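Understanding the architecture of this molecule
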Amino acid sequence: MEQITHEIIVNIIKDGSASLLSSHAKLSIPIINRIYKKMVNDIKFDDIKICECLIIDGHHRYISSLLAGVKLGSVPSYRTLATLEYEWTRVEFVEEEWDTKSRIKVLNRLDADFNNIPINKIIEITK
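Overview of the structure. Since we're looking at a predicted model, the values are computed, not measured.

Reading the values: the criteria
Residues numbered from 1 in each chain as written. Predicted model: local features only at pLDDT ≥ 70, side-chain atom pairs only at ≥ 80, totals over all residues. Heavy atoms only, no water. Axes fitted to C-alpha atoms, helices over the stretch in contact; angles between N-to-C directions. Helix = DSSP H or I, 4+ residues; strand = E, 2+ residues; numbered from the N terminus. Parallel < 35°, antiparallel > 145°, perpendicular 65-115°, else oblique. Contact = heavy atoms within 4.5 Å. Nonpolar A, V, L, I, M, F, W, Y, C, P; charged D, E, K, R; others polar. Pairing = 2+ DSSP bridges. 1 Å grid on protein atoms, 1.4 Å probe; cavity = no way out; pocket = protein on both sides within 12 Å on 5 of 7 lines; lining within 4 Å. Points joined across faces, edges and corners; volume = space filled by probe spheres on them. Buried < 20%, exposed > 50% of the residue type's maximum accessible area, 1.4 Å probe, protein only. Core = buried A, V, L, I, M, F, W, Y, C linked by side-chain atoms within 4.5 Å.

1. A word on the packing of helix α1 (residues 6–14) against helix α3 (residues 59–68)
For any two helices packed against each other, the geometry is given by the interaxial angle and the distance between the axes. Across the interface, α1 lies against α3 with an axial gap of 10 Å and an inter-helix angle of 85°. Put simply, α1 runs roughly perpendicular to α3. Residues I8, I9, I12 and I13 of α1 lie in contact with α3, whose contacting residues are I63, L66 and L67. Each residue belonging to the contact of α1 with α3 can be placed in one class, and the counts come to seven nonpolar, no polar and no charged.

Right under this line is the structure:
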């Protein structure tokens, strides 16, 4: 399975696939990789939250879905006056792991429960 790199993400951004805007200035490539691996293995995710064309919640899922060719659902949300908009070309994709090992375990358990599959399948997918 393909390992998602900064270059791969930048290429999908440059090709115009991203129709929504970001409200985050940075995203974690390791998180994108984990979600991408799950998506290409038919693991389903919650809808992302958007306000007009701005992502409020679900940035990593959104980018992963573009890379995996998976259509995500969306639900309307609200933005505050403090919410900034970033063109994807201005978003920094970092190699830093933002999730702890215990957080990853919790997320894997939630994904297994949401998809009604054994946790071992999720763990195998994300190796």
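2. As for the sheet that holds strand β4 (residues 74–76)
With mixed pairing, three strands are arranged side by side in an open sheet as β3-β2-β4. The open sheet has two edge strands, β3 (54–57) and β4, and neither has a second partner. On average, each strand axis in the sheet is inclined to that of its neighbour by 45°, with strand direction left out of account. With three bridges connecting them, strand β2 (residues 48–51) and β3 associate as antiparallel partners. Across the sheet, the residue bridging to I50 is I55, located in β3.

3. Focus: the layout of surface pockets
Considered as a void within the structure, the largest pocket measures approximately 500 Å³ in volume. Around the largest pocket, the lining is made up of 20 residues, and of these I35, F45, R61, L107 and D111 lie nearest the centre. Secondary structure elements with two or more residues in the lining of the largest pocket: α2 (29–40), α3 and α4 (101–115). Top element by residues in the lining of the largest pocket is α4. It accounts for seven residues. Classifying every residue of the lining of the largest pocket by side-chain character gives eight nonpolar, four polar and eight charged. In this structure, the second largest pocket encloses a volume near 170 Å³. Lining the second largest pocket are S17, S19, L20, I48, Y62, S65, L66, V70, K71, L72, G73 and S74. Here the element with the most residues in the lining of the second largest pocket is α3; it accounts for three residues.

4. Points about the environment of V40
Tracing the backbone through its elements, the reader meets V40 in helix α2. Under the relative-accessibility criterion, V40 is labelled partly exposed at 34%. Residues V40 and L20, 20 residues apart in the sequence, show an inter-C-alpha distance of 21 Å.

5. Focus: the nonpolar core
I9, I32, Y62, I63, L67, W88 and F93 are the most contacted members of the largest nonpolar core, which totals 31 residues. For this core, the secondary-structure elements that each account for two or more residues are α1, α2, β2, α3 and α5 (119–125). When residues in this core are grouped by element, the largest group, six residues, is from α2. In this structure Y62 touches S17, A18, S19, L20, I48, I55, L72 and W88, once residues within four positions along its chain are discounted.

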